[in-house]
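Listed below are the residues making up each chain.
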Amino acid sequence: MKKILIGAVIALASVLIYRSCTDDREKKTILQENSMLIQQELKNVSKLIVTEGHFAEVYNYKDSRELFGPLVTAQKKALVVVNAEVMVVYDLSQVTYDLDEENKTVKITNIPDPEIKINPDFEYYDVTADYLNPFKAEDYNLIKRNVNASLMKKIDASTLRSNAENRLVSELSRILVITNSMGWTLVFEDVPVQNMEELDKILD
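The numbers attached to residues start from 1 for each chain and follow its sequence in the written order. Owing to the predicted nature of the model, reporting of local features is limited to residues with pLDDT of at least 70; listing and counting of side-chain atom pairs is limited to 80 or more, with chain, interface and lining totals taken over all residues. Only hydrogens and water are set aside when side-chain values are computed; all heavy atoms of the structure are taken into account.

1. So, the sheet that holds strand S3 (residues 96–100)
(1) Moving on: Whether two strands pair comes down to DSSP finding at least two bridges between them. Put simply, DSSP marks the helices as runs of H or I at least four residues long and the strands as runs of E at least two long, and each gets a number from the N terminus on. Strand order in this open sheet of four strands is S3-S4-S6-S7, and the pairing throughout is mixed. Edge positions in the sheet fall to S3 and strand S7 (191–193), since each of these pairs with one other strand and no more. Across the sheet, the mean angle separating the axes of adjacent strands is 30° when strand polarity is ignored.
(2) Moving on: Here strand S4 (residues 105–110) pairs with strand S6 (residues 185–188) via four bridges, running parallel. For valine 106, the partnering residue across the bridge sits in S6 and is leucine 186.
(3) Moving on: Residue contacts are counted whenever heavy atoms from the two residues lie within 4.5 Å of one another. Lines fitted to the C-alpha atoms define the axes, with helices restricted to the stretch that makes contact. Angles between their N-to-C directions range from 0 to 180 degrees. Lying over the sheet, helix H4 (residues 196–203) contacts S6 and S7, oriented at roughly 135° with respect to S7.

Set out below in structure tokens:
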């Protein structure tokens, strides 16, 4: 009787151990599969996000140089019309992250800052200069710097940056959707992200 009882206990223990090992293997397999799916989704969003806009600028350039005191001056001036194509670019291939299978978290450690690319087309009108104060390369360089600074102010006052950020949120939301569907947690700047509103607020 004792032998039968001992045999039954051993058999039951073997079944429990076998089931435990099988369950552990299944859980590890599921975690690895989920991890691979998340990594694949991260690769899918590793692309350039480009938001484009058009800006125009009219710039009056004037320079006056004293020759023999304030009574005699040499002047030069130009009317500059600028049409600029502007791009706000996020390179999502630069996103870095850590996957923690044990705690089922995806921690985004870095999102690149946007790059502002300005491609201006300069057209010069009414360019006049005195013989003693001619236009030089430094004048054209100064005009370009001033125009670019003015364009940056227009860009900052426009919706171009916010539109680019909205596209960034839209791309990263794909990661949020897949992590939530698998019971994982997306973390950015040490803050768990549960929904689109929280993601938008963190990236703002």
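2. Digging into unusual backbone geometry
With glycine set apart, most residues show a phi of negative sign, and most peptide bonds adopt trans.
(1) Moving on: In this structure, aspartate 126 is a non-glycine residue whose phi angle is positive, near 50°.
(2) Moving on: When you line up the elements, aspartate 126 lands in strand S5 (residues 115–129).
(3) Moving on: One non-glycine residue, glutamate 189, lies in the positive phi region at around 55°.
(4) Moving on: Checked against the element boundaries, glutamate 189 lands in the loop between S6 and S7.

3. Points about the nonpolar core
The nonpolar side chains of soluble globular proteins are, as a tendency, buried together.
(1) Moving on: By nonpolar core we mean a set of buried residues, namely Ala, Val, Leu, Ile, Met, Phe, Trp, Tyr and Cys, connected to one another through side-chain atoms within 4.5 Å. Remark: exposure states derive from per-residue accessible area (1.4 Å probe, protein chains only) relative to the maximum for the residue type, with buried under 20%, exposed over 50%, and partly exposed in between. Of all hydrophobic cores here, the largest spans 40 residues; its most connected members are Ile111, Ile143, Leu168 and Leu203.
(2) Moving on: Elements supplying a minimum of two residues to this core: helix H1 (2–44), strand S1 (48–66), strand S2 (73–91), S4, helix H2 (137–157), helix H3 (160–181), S6 and H4.
(3) Moving on: A total of eight residues in this core trace back to one element, the largest contributor, which is H3.
(4) Moving on: In contact with leucine 203, not counting residues within four places along its chain, are Ile111, Leu168, Val169, Leu172 and Phe188.

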